[in-house]
Amino acid sequence: MDYIGLEAWVGGEWLELEAVSVTVQDSILTLSFERQHTEQGYRSLVWEPLEHFLREYRDEPVVVMPYGRNLPVMFGPGAAGPFRLRRITGH
């Protein structure tokens, strides 16, 4: 079954993400994503909240957590992205 995935350009490749976290002093804010089957669902439920989230915390360290990877990937302040939506064929 196909679904829409959120990807970030990390280390020279596009990786599908499952969450984005921001560290603000001693607390961590995390935005997790459910895979969506339509682009409209993704835009309203994931993409727009993510854009707002990253604008709000653009001066804080950002961590992205790709699917299938054991370690998250850290971005410096304001460096998260670029991001894109892509249709992915599931198994």
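Residues numbered from 1 in each chain as written. Predicted model: local features only at pLDDT ≥ 70, side-chain atom pairs only at ≥ 80, totals over all residues. Heavy atoms only, no water.

Before going further, it helps to spend a moment on the overall build of the protein chain. Along its length, the protein chain carries one helix and six strands. Secondary structure elements in the protein chain, listed N-terminal to C-terminal, are β-β-β-α-β-β-β. Rg of the C-alpha trace for the protein chain: 13 Å, near the compact-globule value of 12 Å for 91 residues, within the 12% margin. Within the protein chain, counting contacts between residues at least 6 apart in sequence, those at least 24 apart form 61% of the total. Surface exposure of the protein chain reaches about 5700 Å², of which carbon and sulfur atoms provide 50%. (Helix = DSSP H or I, 4+ residues; strand = E, 2+ residues; numbered from the N terminus. Rg over C-alpha atoms; globule rule 2.2 N^0.38 Å. Contact = heavy atoms within 4.5 Å. Areas by Shrake-Rupley, 256 points an atom, 1.4 Å probe, with all protein chains shown as cover.)

It is worth spelling out the confidence of the model for the protein chain at this point. Summarising the model, the protein chain shows a mean pLDDT of 83, and 93% of its residues fall at 70 or more. Summarising per-element confidence for the protein chain, the mean pLDDT is lowest in strand E5 (residues 73–75) (78) and highest in strand E3 (residues 27–32) (88). (pLDDT = per-residue confidence, 0-100.)

Checked against the element boundaries, Ser21 lands in strand E2 (residues 13–24). For Ser21, a relative accessible area of 9% gives the class buried. Separated by 2.8 Å, the side chains of Ser21 and Thr30 make a polar contact. Excluding residues that lie within four positions of it along the chain, Ser21 makes contacts with Ile28, Leu29, Thr30, Pro61, Val62, Val63 and Met65. (Buried < 20%, exposed > 50% of the residue type's maximum accessible area, 1.4 Å probe, protein only. Polar contact = N/O pair within 3.5 Å; in protein donor to acceptor, adjacent residues only side chain to side chain.)

Most of strand E4 (residues 62–66) sits inside the fold, with four of its five residues counted as buried. Note that E2 and E4 share five bridges and pair antiparallel. When the bridges of E4 are listed, Leu17 appears paired with Pro66. Between E4 and the antiparallel strand that follows it, E5, lie six residues; Gly68 among them carries a positive phi value of about 75°. (Pairing = 2+ DSSP bridges.)

This structure, assessed with the given rule, holds two aromatic pairs. Ring centres of Trp9 and Trp14 lie 5.4 Å apart, and the angle between their planes is 65°; this geometry places the pair in the edge-to-face category. According to the relative accessible area criterion, Trp9 is partly exposed, its value standing at 39%. The residue whose ring lies beneath Arg35 is Tyr67, and the NZ or CZ to ring-centre distance is 4.1 Å. (Phe/Tyr/Trp six-rings, centres within 6.5 Å; stacked < 30°, edge-to-face > 60°. Lys NZ or Arg CZ within 6 Å of the ring centre and 35° of its normal.)

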